[in-house]
Amino acid sequence: MPAAAYAGKECVCQFKRGICDQTCVKDMLATPFYIACLKLRGRKCLVVGGGALGLEKAEGLLACGGDVHVISPEVNGEVAQLAAEGSLTWEPRDYAGKEDLEGVFMVIACTDDTDTNIRIYDDAEERAMLVNIVDVPPLCNFILPAIVRTGPLAIAISTAGASPALAKRMKREIAELFGEEYAQLAIMLNDARGWAKGTLPTYQDRRAFFEEIVNGEPDPIALLRAGKAQDVRALIQAAQRTHQPA
């Protein structure tokens, strides 16, 4: 697989330097990335490549409800199983060109052919599509951060490609810090959103209501860690009484 650019390696990007001089990644750490959460449910997402990386990307897209299609002459057993059970579709062939991007929202490629990767990137850019060529930063218009996911909560960690190992460590530590109780509180607060929107007239009123619950005493997270979910519900009900308009 092509790795991120480093001096002395064969060039794998569109600049075709022959031997990499890192021209393509010199501004990566200085590039401000616009962080967003994408709604993929029902959207066609294309993965080109069916090895271990292709499986990883396909599973990530499936976890978010994406309509996943894989193009690759061969795939590993797990990708084949996902195709057999109908979780994704697999076309056993090489990437053909722009026609493969018809109706596609996002394309992620992880092939071991530099020319194919460049072609996919150019085709996607021409269509103003989201494209990520795995581990080749200059052939991406978005990057994939490490994700901590617990229930409705998702926390993204990015080092702008500087150190995936550091991102993995941060992911592990953040998962330990923000555990299941945070997801549980998020669900409880979501249940109160309807009341807040229908009862409290302004954004400032609604913000004050939720901040009193989240940052007040007793601490709802501490209560949930102690298994006292009913006490948190009582806190929410008390805040509703306090903030009820006269």
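Anyway, here's the lowdown on the structure attached to this text.

About the cut-offs
- Residues numbered from 1 in each chain as written.
- Predicted model: local features only at pLDDT ≥ 70, side-chain atom pairs only at ≥ 80, totals over all residues.
- Heavy atoms only, no water.
- Helix = DSSP H or I, 4+ residues; strand = E, 2+ residues; numbered from the N terminus.
- Buried < 20%, exposed > 50% of the residue type's maximum accessible area, 1.4 Å probe, protein only.
- Polar contact = N/O pair within 3.5 Å; in protein donor to acceptor, adjacent residues only side chain to side chain.
- Contact = heavy atoms within 4.5 Å.
- Right-handed = clockwise from strand over helix to strand, strands pointing away.
- Pairing = 2+ DSSP bridges.
- Phe/Tyr/Trp six-rings, centres within 6.5 Å; stacked < 30°, edge-to-face > 60°.
- Axes fitted to C-alpha atoms, helices over the stretch in contact; angles between N-to-C directions.
- Left-handed = near helix turned anticlockwise from the far one by under 90°.
- Nonpolar A, V, L, I, M, F, W, Y, C, P; charged D, E, K, R; others polar.
- Parallel < 35°, antiparallel > 145°, perpendicular 65-115°, else oblique.
- Disulfide = S-S within 2.5 Å.

### So, the side chain of Asn132
(1) Moving on: Mapping Asn132 onto the fold places it in strand β5 (residues 130-133).
(2) Moving on: When its relative accessible area of 5% is taken as the criterion, Asn132 is described as buried.
(3) Moving on: Polar side-chain contacts of Asn132 include one of 2.9 Å to the backbone oxygen of Phe142.
(4) Moving on: Excluding residues within four positions of it along the chain, Asn132 makes contact with Val107, Ile108, Ala109, Leu139, Cys140, Phe142, Ile143 and Leu144.

### A short note on the pairing of strand β1 (residues 44-48)
(1) Moving on: Counted residue by residue, β1 has 4 buried out of 5 residues, so it is predominantly covered.
(2) Moving on: Between the parallel elements β1 and strand β2 (residues 67-71), the chain passes through helix α1 (residues 52-63) in a crossover that is right-handed.
(3) Moving on: Across 4 bridges, the pairing between β1 and strand β4 (residues 106-109) is parallel. Looking at the pairing, Cys45 lines up with Met106 of β4.

### Some words on the packing of aromatic side chains
Aromatic ring pairs: the centre-centre distance and the angle between the two ring planes describe each pair.
(1) Moving on: Considering all chains together, one arrives at 3 aromatic pairs under this definition.
(2) Moving on: Their ring planes at 45° and their centres at 5.0 Å tell us that Trp195 and Phe209 sit as a pair that is tilted. Of this pair, Trp195 sits in helix α5 (residues 180-199) while Phe209 is found in helix α6 (residues 203-215), placing the two residues 14 residues apart along the sequence.
(3) Moving on: Here the aromatic rings of Phe209 and Phe210 are separated by 4.8 Å at their centres, their planes lie at 65°, and the arrangement is edge-to-face. Across the pair, exposure class does not vary: Phe209 and Phe210 are buried alike.
(4) Moving on: Linked through ring pairs, Trp195, Phe209 and Phe210 together constitute an aromatic cluster.

### Let's talk about the sheet that holds β5
(1) Moving on: Taken together, the 5 strands give an open sheet; going across it, the order is β3-β2-β1-β4-β5, and neighbouring strands pair in parallel fashion. Taken across any chain shown, the strands that pair with only one partner, and hence form the sheet edges, are β3 (89-91) and β5. Taken over all neighbouring pairs, the strand axes of this sheet differ in orientation by 15° on average, direction set aside.
(2) Moving on: Contacts from α1 reach β1, β2 and β4, with the element oriented near 170° to β1.
(3) Moving on: The sheet strands contacting helix α3 (residues 114-126) are β1, β4 and β5, and the helix crosses β5 at an angle near 165°.

### What to know about the packing of α6 against helix α8 (residues 229-243)
The angle between the axes and the distance between the axes are what describe a pair of packed helices.
(1) Moving on: Following both chains from N to C, one finds α6 and α8 inclined at 145°, their axes separated by 9 Å at the closest point. Crossing handedness for the pair α6 and α8: right-handed. When α6 is examined against α8, the residues Asp205, Ala208, Phe209, Glu212 and Ile213 are found in contact with a partner set consisting of Ile236, Ala239, Gln240, Thr242 and His243.
(2) Moving on: Of the residues in the contact of α6 with α8, the class split is 5 nonpolar, 3 polar and 2 charged.

### Structural notes on the packing of α5 against α8
(1) Moving on: Two elements in contact, α5 and α8, have axes separated by 11 Å at closest approach and are oriented at 30°. Here α8 runs roughly parallel to α5, going by the angle between their axes. With respect to the hand of their crossing, α5 and α8 are arranged in right-handed fashion. Contact with α5, carried on its side by Gln184, Leu185, Met188, Ala192 and Trp195, involves Ala229, Val232, Arg233, Ile236 and Gln240 of α8 and no other residues of that element.

### Considering the state of the cysteines
(1) Moving on: What the rule picks out here adds up to 0 disulfides.
(2) Moving on: Unpaired in terms of disulfides, Cys45 finds its nearest cysteine sulfur in Cys64, a separation of 9.0 Å.
(3) Moving on: You can call Cys45 buried: its relative accessible area is 0%.

### With respect to the environment of Glu59
(1) Moving on: Positionally, Glu59 belongs in helix α1.
(2) Moving on: Glu59 sits 29 residues away from Leu88 along the chain, and the two C-alpha atoms are 9.6 Å apart.

Purely geometric numbers; function is a separate question.
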